[in-house]
Amino acid sequence: CEIYDKINAEWKKTLNKTYTYGEAKKKIISLFNTPNYMVEKDKHWKVFEELYPTVAQYIFGLNQGYVKLKKYSTKDDNKCAFAYLTQGVEAFLLLDIIVSEIKKIDNSIPTISLHDGIFTTKNNANIVREIMLQSYKDYIKAKPKINIKR
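Residues numbered from 1 in each chain as written. Predicted model: local features only at pLDDT ≥ 70, side-chain atom pairs only at ≥ 80, totals over all residues. Heavy atoms only, no water.

Visitor: Explain the nonpolar core residue by residue, including any values.
Guide: By size, the foremost hydrophobic cluster in this structure holds 16 residues, and its most contacted members are Ile-7, Trp-11, Ile-28, Phe-32, Trp-45 and Phe-48. Elements that contribute at least two residues to this core include exactly α1 (2-15), α2 (21-32), α4 (43-51) and α5 (53-62). Not counting the four nearest positions on each side in its chain, Ile-7 is found in contact with Ile-28, Val-47, Phe-48 and Leu-51. Counting residues in each nonpolar core, the second largest holds 14 residues, with Ile-98, Ile-131, Met-132 and Leu-133 among its members. (Core = buried A, V, L, I, M, F, W, Y, C linked by side-chain atoms within 4.5 Å. Buried < 20%, exposed > 50% of the residue type's maximum accessible area, 1.4 Å probe, protein only. Helix = DSSP H or I, 4+ residues; strand = E, 2+ residues; numbered from the N terminus. Contact = heavy atoms within 4.5 Å.)

Below is the structure:
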C-alpha cells in the first residue's frame, strides 16, 4: 500500500529510521490505536501528522479520551475508538456483505468466520477468495492480500 511506503520513506529521511513494509504497517496501525496522550509525544506520529494532517486530526478526534489502564500492559487496555471502528467495518464487510454474497451464489458453500478470515472447504476456497476480493473492491476500493491456507 502506498501509504506505508511513503511514510516509511519520510521516517527514514526525518528520523533516520528504516523499517520493512510489514514493520511500517504495524507501526502505523499501532499509532492509530494508541491513546492521544501517548501518541502526541511520538516522533513517528508527528511525521504522519505532517504528511496526512486531515487523517491525523480525524484519528486524534476519534481516540479522544481513551487511556491505558495498566502501565505496561496491552492485553487489558481499553482499545481506542479507531480499533472499534475498524473492527466494526471489518465485521460488517465479512459477515453482512461477503458471507451474504457467498450464500447468494451457492447456499451450500460452508462458511465459518474467524477474525478477518473465512473457513470453507478446499473445493470452495477459490470461489470464496474471489468473492472476498470483489467485495473489498466494490465496498472499500481496496485489493487486500488474501491467502488460502490449506
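Anyway, onward from the coordinates.
Visitor: Explain the packing of helix α6 (residues 81-105) against helix α7 (residues 125-140) residue by residue, including any values.
Guide: Between α6 and α7, the shortest axis-to-axis distance is 10 Å and the interhelical angle comes to 130°. Judged on the interaxial angle alone, α7 and α6 are oblique. Here α6 runs over α7; the crossing is right-handed. In this structure, α6 contributes Leu-93, Leu-94, Ile-97, Ile-98, Glu-101, Ile-102 and Ile-105 to the contact, and α7 contributes Ile-127, Val-128, Ile-131, Met-132, Ser-135, Tyr-136, Tyr-139 and Ile-140. Tallied by class, the residues present in the contact of α6 with α7 amount to 13 nonpolar, one polar and one charged. (Axes fitted to C-alpha atoms, helices over the stretch in contact; angles between N-to-C directions. Parallel < 35°, antiparallel > 145°, perpendicular 65-115°, else oblique. Left-handed = near helix turned anticlockwise from the far one by under 90°. Nonpolar A, V, L, I, M, F, W, Y, C, P; charged D, E, K, R; others polar.)

Visitor: Please provide a residue-by-residue account of the environment of Lys-104, values included.
Guide: Along the chain, the position of Lys-104 falls in helix α6. In sequence terms Lys-104 and Gly-61 are 43 residues apart; their C-alpha atoms lie 39 Å from each other.

Visitor: Break down unusual backbone geometry for me, with residues and values.
Guide: One non-glycine residue with positive phi stands out, namely Asn-16, at about 55°. Relative to the elements of secondary structure, Asn-16 occurs in the loop between α1 and α2. With a relative accessible area of 69%, Asn-16 lands in the exposed category. Within the chain, Lys-141 stands out as a residue other than glycine whose phi angle is a positive 55°. Assignment of secondary structure puts Lys-141 in the segment after α7. Overall, the relative accessible area of 70% leaves Lys-141 in the exposed class.

Visitor: An account of the pattern of salt bridges is requested, with residue identities and associated values reported.
Guide: Pairing between side chains becomes possible if they bear opposite charge and their charged atoms approach one another. Tallied over the entire structure, the rule returns four salt bridges. The partner of Glu-10 in a salt bridge is Lys-13, with the nearest N and O atoms 3.7 Å apart. Of this pair, Glu-10 and Lys-13 both sit in helix α1, separated by three residues, roughly a single helical turn. Here Lys-13 falls in the exposed class, since its relative accessible area comes to 64%. A salt bridge links Glu-101 to Lys-104, with the shortest nitrogen-to-oxygen separation between them at 3.6 Å. With a gap of three residues between them, Glu-101 and Lys-104 both fall in helix α6, about one helical turn apart. (Salt bridge = Lys/Arg side-chain N within 4 Å of Asp/Glu carboxyl O.)

Visitor: Give me the lowdown on the packing of α1 against α4, citing residues and values where you can.
Guide: Between two packed helices, both the angle of their axes relative to each other and the distance between the axes serve to describe the pair. Between α1 and α4, the shortest axis-to-axis distance is 10 Å and the interhelical angle comes to 120°. It follows from the interaxial angle that α1 and α4 lie oblique. In this structure, the crossing between α1 and α4 has a hand that is right-handed. Two secondary-structure elements touch here, α1 through Ile-3, Lys-6, Ile-7, Glu-10, Trp-11, Thr-14 and Leu-15 and α4 through Lys-43, His-44, Val-47, Phe-48 and Leu-51.

In short, geometric facts, not functional conclusions.
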